Amino acid sequence: MRRVLVLNQDYSPLSVCSTERAFLLIYLDKAELVHEDRNHQMRSVNAIYPAPSVIRLQKYIFIPFKSVLLSRQNIFKRDAHTCLYCGGKQDLTLDHVLPKSRGGATNWANLATACKKCNSIKGNKTPEEADMFLSQKPFKPSYIMFVRNFSGFTSEDWLQYLSLN
C-alpha cells in the first residue's frame, strides 16, 4: 500500500495516511496536493487524477506534543529488527539493558532488541558484566525521525519536510 505524507497547514509533518484517504481529503477540500506521485494515478469511472505523495491540510491542527509510543514493535523498528548484541535477525525479544531485577526501567533508553540466545546469555547481568556490547545505545526516537525512517515512505518528495534540523 502506498503512503502519503500529511503536512499541517504550516508545512510541518503531521502523519502518514493511505493514498485513498489523502485523495478523499483533497476531494473534500480539507487538504491540497503539494506533490503528486509521478509513478501512479487514481482512476474513477470518467477521469484520471494524480496520486498524491504529499498533501497539506487547509486548517491548522494543534497538537501540543507528538511522541512515539513505547511498544515492542516500535523498539524493533528503531533497532531495524536486529539484535543489538550479535546482529542476528531471528527469534527477537526485548532486553532490559539494566535488568528489571536490578532497578532497570521499562523505557526507550533501557530497552534493546536482542535475540533469544543473546538475551539468555546476558541473563540478569549488565552488558559489561556479561562481556557483551551493544552496537548502538538505546534511545527515544523523535516523531520526525520515526516517520522518516519507519513509516515505509518511498518518495523523495517527503525528504524536505522530514529534515531532522
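Below or above, wherever it landed, is the structure these notes cover. For every chain, the first residue of its written sequence is number 1, and the numbers climb from 1 along that sequence. Confidence filtering applies because this is a predicted model: local features only for residues at pLDDT of at least 70, side-chain atom pairs given and counted only at 80 or more, and all residues used for totals across whole chains, interfaces and linings. With hydrogens and water set aside, each side-chain value is computed from the structure's full complement of heavy atoms.

## Concerning unusual backbone geometry
The phi torsion of most residues other than glycine is negative, and most of the peptide bonds are trans. Of note, the phi angle at Asp 29 is positive, near 60 degrees, even though the residue is not glycine. In this structure, Asp 29 sits in the loop between helix H1 (19–27) and strand E3 (31–43). Using a relative accessible area of 57% as the deciding quantity, one classes Asp 29 as exposed. Within the chain, Ala 80 stands out as a residue other than glycine whose phi angle is a positive 55 degrees. Numbering of helices and strands starts at the N terminus; helices are DSSP runs of H or I of at least 4 residues and strands are runs of E of at least 2. Locating Ala 80 in the fold gives a position in the loop between helix H2 (72–78) and strand E5 (92–96). Only protein chains enter the accessibility calculation, which uses a 1.4 Å probe. A residue is then buried if its area is under 20% of the maximum for its type, exposed if over 50%, and partly exposed in between. Of the residues examined, Ala 80 reaches a relative accessible area of 47% and is grouped as partly exposed.

## Thoughts on H1
Residues Thr 19, Ala 22 and Leu 25 constitute the buried set of H1. Seen along its axis, H1 keeps its buried residues to an arc of 125 degrees; they face one direction. Of the surrounding secondary structure, the elements contacted by the buried residues of H1 are strand E1 (3–7), strand E2 (13–18), E3 and strand E4 (48–57). Downstream of H1 by one or two residues, Asp 29 has phi in the positive range, about 60 degrees. In this description, one arc is meant: the one made by directions from the helix axis to the C-beta atoms. Contacts between residues were defined by any pair of non-hydrogen atoms, one from each residue, lying within 4.5 Å.

The analysis is restricted to geometry; functional conclusions fall outside its scope.
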